[in-house]
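Secondary and tertiary structure notes
Chain by chain, the residues run as shown.
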Amino acid sequence: MAKSLVERRLIELGDRLKTLRVDLRVADEQLAQLAEEAEESRLRSLVSETPLAERDYREAQRHADAMQRHRLEVSAEITRLERAQDELLDRLMLEHE
């Protein structure tokens, strides 16, 4: 792969990683909020023992679970892109030797 192509790809990966890291921070914040809401709903459900409270809890937990899955996907993509970035940097270093 030509040096200019490697450099261009590294820039693209760097930009994408910056975006994903911001997404991960947002997901962490949202997950904390959703998990807290789910826990509060769970406690209300236990105290009130009503079908409505149970439904509210299940819905809140589904939202928290969905955000957890999203967070894991973003984290996995960051890991994948960091590996790709390392490989490109290795290539670039080999070309300079």
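For the structure, check the block above.
Attention here is on the structure that accompanies the text.

All chains considered together, the criterion is met by eight salt bridges. A salt bridge links Arg 9 to Glu 12; its shortest N-O distance comes to 3.6 Å. Within this pair, Arg 9 and its partner Glu 12 are both found in helix α1 (residues 3-48), separated by three residues, close to a single helical turn. Using a relative accessible area of 36% as the deciding quantity, one classes Arg 9 as partly exposed. With a closest N to O distance of 2.7 Å, Glu 39 and Arg 42 form a salt bridge. Remark: Arg 42 and Glu 39 occur in helix α1; sequence separation between them is three residues, near one turn of the helix. A relative accessible area of 30% means that Arg 42 is categorised as partly exposed.

The α-helix winds at 3.6 residues per turn, so residues separated by three or four positions along the chain end up facing the same way. For helix α2 (residues 51-96), spanning 46 residues, the distance from its first C-alpha to its last is 68 Å, which sits close to the expected 68 Å at 1.5 Å a residue. Within α2, burial applies to Ala 53, Tyr 57, Ala 60, Ala 64, Met 67, Val 74, Ile 78, Leu 81, Ala 84, Leu 88 and Leu 92. Looking at the buried positions of α2, the neighbouring elements they touch are α1.

Looking now at unusual backbone geometry. With a phi angle near 55°, Glu 49 is a residue other than glycine that sits in the positive phi range. Relative to the elements of secondary structure, Glu 49 occurs in the loop between α1 and α2. You can call Glu 49 exposed: its relative accessible area is 68%.

A cluster of nonpolar side chains, contributed by Leu 43, Leu 46 and Val 47, occupies part of the molecular surface with about 310 Å² of accessible area. Its location among the elements puts Leu 46 in helix α1. Taking relative accessible area as the criterion, Leu 46 reaches 49% and is therefore assigned partly exposed.

Turning our eyes to something else, we now look at the nonpolar core. Core analysis: the largest hydrophobic core is formed by 12 residues, namely Val 6, Leu 10, Leu 13, Leu 17, Leu 20, Leu 24, Val 74, Ile 78, Leu 81, Ala 84, Leu 88 and Leu 92. Those elements that provide at least two residues to this core are α1 and α2. The residues contacting Leu 81, other than those within four sequence positions of it, are Leu 13, Arg 16, Leu 17 and Leu 20. Counting seven residues, the second largest nonpolar core, distinct from the first, contains Leu 31, Ala 38, Ala 64 and Met 67.

The first and last C-alpha atoms of α1 sit 66 Å apart over 46 residues, in line with the 68 Å expected at 1.5 Å per residue. The positive-phi residue at the C-terminal boundary of α1 is Glu 49, with phi of around 55°.

Definitions and limits used
Residues numbered from 1 in each chain as written. Predicted model: local features only at pLDDT ≥ 70, side-chain atom pairs only at ≥ 80, totals over all residues. Heavy atoms only, no water. Salt bridge = Lys/Arg side-chain N within 4 Å of Asp/Glu carboxyl O. Helix = DSSP H or I, 4+ residues; strand = E, 2+ residues; numbered from the N terminus. Buried < 20%, exposed > 50% of the residue type's maximum accessible area, 1.4 Å probe, protein only. Expected span 1.5 Å × (residues − 1). Contact = heavy atoms within 4.5 Å. Patch = residues over 30% accessible without salt bridge, like charges linked within 9 Å, V, L, I, M, F, W, Y side chains within 5 Å. Areas by Shrake-Rupley, 256 points an atom, 1.4 Å probe, with all protein chains shown as cover. Core = buried A, V, L, I, M, F, W, Y, C linked by side-chain atoms within 4.5 Å.

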